[in-house]
Amino acid sequence: MVISESMKDLVANSSAIRKLFEEGIAMAKVIGRENVYDFSLGNPSVPAPARVADTIRRILDEQDSLYVHGYMQNAGYDDVRTCVADYLNRAFNAGMTAANVMMAAGAAGALNCIMRVLVNPGDEIIAFAPYFGEYRNYAANFGGRIAAVPVNPDGSFQLNLEAFPEYVNEKTKAVILNSPNNPTGVIYSGETLDRFNELLIEAEKKAGHPIYVICDEPYRALAYDNETVPYMPDHVKNTILCESFSKTLSLPGERIGYIAVPSDVDAFDEIMGALICANRALGYINAPSLFQLVVAECLDEKTDIAAYDRNRQLLYDALTKDGFTCVRPQGAFYLFVKSPTEDDTDFVNEGKKLGILMVGMKSWGCPGYVRLAYCCDYHMIERSLPAFEKLADVYGLRK
Ligand code: PLP
């Protein structure tokens, strides 16, 4: 084998979601595309707002191409960072300037940069189950590991604060919080975050050093029923914001987002300087140039959340009526469903027989559950409902 030991592990455990997505393509060739109900991938189904394309055209027509496509400071264009800071100040009274912002290659780029900055080999980052499975790969890139706090036993899928202190030790460098949450759709309330902050202060004493809170919120703009997503730095100390336009502006392939670090986080200057170095050293160099300029002009644009909301209600109502136990999503675009059998792999396989592609949550720290991504065509959900009825009948769920 020529590839490294750690890469061997990564390849062996390569993303189940991507595999499922590819299986769906193969299934479609056999049983027809209309008979495959693919709920696997979180790829937005709502197009980017029209202003995005207009802005791209205008920038290409009006601006110097050497500027638009050139190298720049590793942190990103200064004026773009100023626009982002101004936006955060307008929205949250954040007290930021360009010096608090680094443009990044999506949330994934932002997360890898901050982990590169914080993690020594053997260090731990705490995540609350269920958690985005890629976190393990990102931490492993730097010799770190995810220490997973088990699911809250109260069934709320809010943070399991009771168990959190047990997972803190001197190797704990950071905690990662993702709200609205992928996969549950839960939004962590301000109250929960305040209680978490009290525990964090204790945790820092136990660890003997600052613990940073990595706030991963690519779904911030996707909140339903007039729910608000608390601005985490208002509640939790040492919060570092990792933001993305992948879902909020439907631009996942463009790899654009940013990190914003409030000035009062511990060792602000050191962290900010190291982040900018990390962006270069990890080979991103800088976030994609054209899309930095585009998003700077589209910060107040919103995706069509009504379309996702329609999908959410259709799927949630139908599946609960069929007898499945589902978490009612407050945000993001995923439905979290309890597997009627203990082993979610069996349930996923049973679904496949009926053309339904769901993602088992074992590797996301939550065995016994599956995730359905409803960022898909509304009519596909409609077509899938008889298959879900049959699936419910396999387990005798329908009354
Ligand atoms: N974090 C979470 C929770 C996600 O669900 C995703 C993508 O699905 C990411 C990070 C990565 O997003 P991006 O495309 O901005 O890198």
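Structure first, text after, so check above.
Keep in mind the model is a prediction, meaning the values are calculated, not measured.

Conventions adopted
- Residue positions within a chain follow its written sequence, with the count starting from 1.
- With pLDDT at 70 or above as the cut-off, local features in this predicted model cover only qualifying residues; side-chain atom pairs require 80 or more to be listed or tallied, and sums for whole chains, interfaces and linings still use all residues.
- Based on all heavy atoms of the structure, the side-chain values leave hydrogens and waters out of the count.
- Each helix is a run of DSSP H or I of at least 4 residues and each strand a run of E of at least 2, with the numbering of both proceeding from the N terminus.
- Within these notes, the globule rule equals 2.2 Å times the number of residues to the 0.38 power, and the radius of gyration is based on C-alpha atoms.
- The contact definition used throughout considers only heavy atoms, calling two residues in contact when any of these lie within 4.5 Å.
- In this description, accessible areas are obtained by the Shrake-Rupley approach with a 1.4 Å probe, and a residue is regarded as covered only by the protein chains that are shown.
- Neither His nor the chain termini are counted; the positive set is Lys and Arg, and the negative set is Asp and Glu.
- Positions of charges follow a simple convention, taking NZ of Lys, CZ of Arg, CG of Asp or CD of Glu.
- The rule for a salt bridge is simple: a side-chain nitrogen of Lys or Arg has to be within 4 Å of a carboxyl oxygen of Asp or Glu.
- Per-residue accessibility, obtained with a 1.4 Å probe over protein chains only, is compared with the maximum for each type, and a residue is labelled buried under 20%, exposed over 50%, and partly exposed between these values.
- Only Phe, Tyr and Trp rings take part, Trp by its six-membered ring, and two of them pair if their centres are within 6.5 Å. Stacked means planes under 30 degrees apart, edge-to-face means over 60, and tilted covers everything else.
- Using a 1 Å grid laid over the protein atoms alone, points where a 1.4 Å probe fits but cannot get out form a cavity; open sets with protein on both sides within 12 Å along at least 5 of 7 lines form a pocket; any residue with an atom within 4 Å of a point counts as lining.
- Grid points are joined across faces, edges and corners, and a volume is the space filled by probe spheres set on the points.
- In this classification, Asp, Glu, Lys and Arg are treated as charged, Ala, Val, Leu, Ile, Met, Phe, Trp, Tyr, Cys and Pro as nonpolar, and every other residue, Gly included, as polar.
- To be near a molecule or strand, a residue needs just one of its heavy atoms within 4 Å of it.
- Polar contacts here mean pairs of N or O atoms no more than 3.5 Å apart (in protein, one a potential hydrogen donor and the other a potential acceptor; neighbouring residues in sequence count only if both atoms are side-chain atoms).
- Here the expected length of a helix is defined as 1.5 Å per residue gap, with one fewer gap than residues.
- The arc in question is the one spanned by the directions pointing from the helix axis to the C-beta atoms.

Caption draft 1: Local environment of the overall build of the chain. When its secondary structure is counted, the chain shows 13 helices and 13 strands. Its C-alpha atoms give the chain a radius of gyration of 21 Å, near enough to 21 Å, the size a compact globule of 399 residues would have. Relative to all contacts within the chain whose residues are 6 or more apart in sequence, the contacts with residues 24 or more apart total 73%. Split by element, the accessible area of the chain, about 17,400 Å² in all, is 51% carbon and sulfur. Positive and negative side-chain charges in the chain, numbering 37 and 52 respectively, have mean positions lying 5 Å apart.

Caption draft 2: Structural view of the pattern of salt bridges. For the structure on display, the rule yields 20 salt bridges. Residue Arg58 pairs with Glu297 through a salt bridge whose shortest N-O separation is 2.3 Å. Placement of the pair is Arg58 in helix H3 (residues 50-62) and Glu297 in the loop between helix H10 (289-296) and helix H11 (305-321), with a sequence separation of 239 residues. Residues Lys173 and Asp123 are paired through a salt bridge, measuring 3.2 Å at the closest nitrogen-oxygen approach. Residue Lys173 is located in strand E5 (residues 172-177), and its partner Asp123 is located in the loop between helix H6 (106-118) and strand E3 (124-128); the two are separated by 50 residues in the primary sequence. According to the relative accessible area criterion, Asp123 is buried, its value standing at 10%. It is possible to trace a salt-bridge network through shared partners that takes in Asp225, Asp309, Arg312 and Arg328.

Caption draft 3: Summary view of the packing of aromatic side chains. Per the stated rule, a full pass over the model turns up 19 aromatic pairs. Geometrically, the ring pair formed by Tyr219 and Tyr334 is edge-to-face, given 5.6 Å between the ring centres and 80 degrees between the ring planes. Linking Tyr219 in the loop between strand E6 (212-216) and strand E7 (239-244) with Tyr334 in strand E10 (residues 334-338), this pair joins segments that are 115 residues apart in sequence. Given a relative accessible area of 1%, Tyr334 falls into the buried group. Each ring, one from Phe245 and one from Tyr258, has its centre 5.9 Å from the other, and the planes form 45 degrees; the classification is tilted. You can see Phe245 sitting in the loop between E7 and strand E8 (257-260) and its partner Tyr258 sitting in strand E8, a full 13 residues away along the chain. Like Phe245, the residue Tyr258 is buried in the burial classification.

Caption draft 4: Inspection of the layout of surface pockets at higher detail. The calculated volume of the second largest pocket comes to roughly 530 Å³. Along the wall of the second largest pocket there are 25 residues; nearest its centre are Tyr87, Arg220, Ala221, Thr248 and Lys302. Residue assignment for the lining of the second largest pocket shows that the elements contributing at least two residues are helix H5 (78-92) and E7. In terms of residue class, the lining of the second largest pocket is made up of 15 nonpolar, 4 polar and 6 charged.

Caption draft 5: How the structure looks around the site of the ligand. Around the ligand sit 14 residues in total, of which Asn182, Asp216, Tyr219, Ser244 and Arg255 are the nearest. Take Ala107: an N or O atom from its main chain is 2.8 Å from an oxygen atom of the ligand. At 2.7 Å from an oxygen atom of the ligand is found a side-chain nitrogen or oxygen belonging to Ser246. When isolated, the ligand has an accessible area of 400 Å², and the protein chains bury 92% of it. The element best represented in the shell around the ligand is H6, accounting for 3 residues.

Caption draft 6: Geometry of the environment of Phe291. Tracing the backbone shows Phe291 in helix H10. Residues Phe291 and Ser384, 93 residues apart in the sequence, show an inter-C-alpha distance of 36 Å. Residues within four places of Phe291 in sequence aside, it is in contact with Val52, Ile56, Leu251, Glu254 and Ile256.

Caption draft 7: Inspection of helix H8 (residues 190-207) at higher detail. Between its terminal C-alpha atoms H8 stretches 25 Å, which fits the 26 Å expected from 18 residues at 1.5 Å a residue. Along H8, the residues classified as buried are Gly190, Thr192, Leu193, Phe196, Asn197, Leu200, Ala203, Glu204 and Ala207. Along the axis of H8, the buried positions cluster into a sector of 140 degrees, meaning they face one direction only. Exposed and facing more than 90 degrees away from the buried side of H8 are Glu191, Glu198, Lys205 and Lys206. Taken together, the buried residues of H8 touch E3, E5 and E6. In the stretch just after H8, Gly208 is the one whose phi turns positive, near 85 degrees.

Caption draft 8: Representation of H5. Across its 15 residues, H5 extends 21 Å between first and last C-alpha, which sits within 8% of the 21 Å expected from 1.5 Å per residue. Where H5 is concerned, the buried positions are Val80, Arg81, Val84, Ala85, Tyr87 and Leu88. Here the buried residues of H5 occupy an arc of 155 degrees about the axis, which is enough to place them on one side. Summarising the contacts, the buried residues of H5 are in contact with strand E2 (101-104), E8 and H10.

Caption draft 9: Fine view of unusual backbone geometry. In this structure, the amide linkage connecting Ala129 to the following residue, Pro130, adopts the cis form with an omega of -5 degrees. Within the element layout of this structure, Pro130 appears in the loop between E3 and helix H7 (134-140). The linkage connecting Ser179 with the following residue, Pro180, adopts the cis geometry, with an omega of -10 degrees. The topology assignment puts Pro180 in the loop between E5 and H8. Even without being glycine, Asp225 reaches a positive phi, approximately 55 degrees. Relative to the elements of secondary structure, Asp225 occurs in the loop between E6 and E7. A positive phi is found at Ala267, a non-glycine position, where the angle reads about 55 degrees. Here Ala267 shows up in the loop between E8 and helix H9 (268-281). When its relative accessible area of 39% is taken as the criterion, Ala267 is described as partly exposed.

Everything listed here is a matter of geometry and, on its own, says nothing about what the molecule does.
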